[in-house]
Amino acid sequence: MSRILAFDYGTKRIGLAVTDPLQIIATGLDTVHPKDIMEFLKKYLSTETVSAFVFGDPKQMDGSPSDSAQHVKGFARTLKKTYPDIPQHWIDERFTSKLAHQTILQSGLKKQDRQNKERVDTISATIILQYFMEANRLT
């Protein structure tokens, strides 16, 4: 069995989430600086089989691409060149950061822990992955 790996791409941090090998549960994996992501993926993919990459598609409220879309698309192109056999999927990421903040608030963490931006990015990636999994279960 293989995993699905999701990215919440940001210019300061990339939140990562992954499924279990049976692709039933989405779990936050890590947060990595963009300059370190390719080395991280090289190590991760040397030990785990990944059948798909899922990217959060950054959009404005009107559906047009957000300012960060070019960065995510560039990252996706790099991954496609490096890992051409791994399919790529896109999920609308509007509201994922807000949902991540709500999830953290409801978790009962202390204020200092709730303000950890890396945690928000990892939870956002998990939400993106959950959306993808739900959409594919319905079809």
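Before going into details, it helps to say that this report is about the structure given with it. One numbering rule holds for all chains: residues counted from 1, following each sequence as written. Confidence filtering applies because this is a predicted model: local features only for residues at pLDDT of at least 70, side-chain atom pairs given and counted only at 80 or more, and all residues used for totals across whole chains, interfaces and linings. Values shown for side chains rest on all heavy atoms present in the structure; no hydrogens or waters enter the calculation.

1. Focus: the nonpolar core
Then comes step 1: Nonpolar core, defined: a set of buried Ala, Val, Leu, Ile, Met, Phe, Trp, Tyr and Cys residues in which side-chain atoms within 4.5 Å join the residues together. Only protein chains enter the calculation, and the probe is 1.4 Å; a residue is then buried if its accessible area is under 20% of its type maximum, exposed if over 50%, and partly exposed in between. Within the largest apolar cluster, 20 residues are counted, with the highest numbers of intra-cluster contacts made by F7, L41, L45, F53, F55, F75 and L79.
Then comes step 2: Those elements that place two or more of their residues in this core are β1 (3-9), β2 (14-19), α1 (37-47), β4 (50-57) and α2 (69-82).
Then comes step 3: Of all hydrophobic cores here, the second largest spans 12 residues; its members include I91, I128, L129 and M133. Strands here mean DSSP runs of E at least two residues long; helices mean DSSP runs of H or I at least four residues long; both are numbered from the N terminus.

2. Here we look at the packing of aromatic side chains
Aromatic ring pairs are described here by two measures, namely the spacing of the ring centres and the angle between the planes.
Then comes step 1: Ring geometry is summarised as follows: Phe, Tyr and Trp rings, the Trp one being its six-membered ring, pair when their centres sit within 6.5 Å, and such pairs are stacked at plane angles under 30 degrees, edge-to-face over 60 and tilted between the two. Enumeration over the complete set of coordinates arrives at eight aromatic pairs.
Then comes step 2: An angle of 80° between the planes, with centres 5.1 Å apart, marks the rings of F7 and F75 as edge-to-face. Residue F7 is located in strand β1, and its partner F75 is located in helix α2; the two are separated by 68 residues in the primary sequence.
Then comes step 3: Residue F75 is classed as buried on the basis of its relative accessible area of 6%.

3. With respect to the sheet that holds β4
Then comes step 1: At least two bridges found by DSSP between two strands are what make those strands a pair. Ordered in space as β3-β2-β1-β4-β5, the five strands form an open sheet in which the pairing is mixed. If you trace the sheet from one side to the other, it starts and ends with β3 (26-32) and β5 (88-92), each paired once. Going from strand to strand, the sheet's axes swing by 25° on average, the running direction of each strand aside.
Then comes step 2: Examined bridge by bridge, β1 and β4 share five bridges and lie parallel to one another. Residue pairing in the sheet places A6 in a bridge with V54 of β4.
Then comes step 3: Contact definition: two residues touch when any of their heavy atoms are within 4.5 Å. Interaxial angles span 0 to 180 degrees and are taken between N-to-C directions of axes, which are lines fitted to C-alpha atoms, for helices over the stretch in contact. The sheet contacts of α2 involve β1, β4 and β5, and relative to β4 the element is tilted by about 165°.

4. With respect to α1
Then comes step 1: Every buried residue of α1 is accounted for by I37, L41, Y44 and L45. Along the axis of α1, the buried positions cluster into a sector of 95°, meaning they face one direction only. Away from the buried face of α1 by more than 90 degrees, exposed residues K42, K43, S46 and T47 are located.
Then comes step 2: Packing partners of the buried residues in α1 comprise β1, β2, β3, β4 and α2. Note that the arc is computed from the directions linking the helix axis to the C-beta atoms.

5. Notes on the pattern of salt bridges
Then comes step 1: Whenever a carboxyl oxygen of Asp or Glu lies within 4 Å of a side-chain nitrogen of Lys or Arg, that contact is scored as a salt bridge. This model, assessed by the stated rule, comprises four salt bridges.
Then comes step 2: In this structure, E48 and R3 form a salt bridge, with 2.8 Å as the shortest nitrogen-oxygen distance. Of the two residues, E48 is situated in the loop between α1 and β4 and R3 in strand β1; the sequence distance between them amounts to 45 residues.
Then comes step 3: Among the salt bridges present, the one from D36 reaches K35, with a minimum N-O distance of 3.1 Å.
Then comes step 4: Of the residues examined, D36 reaches a relative accessible area of 33% and is grouped as partly exposed.

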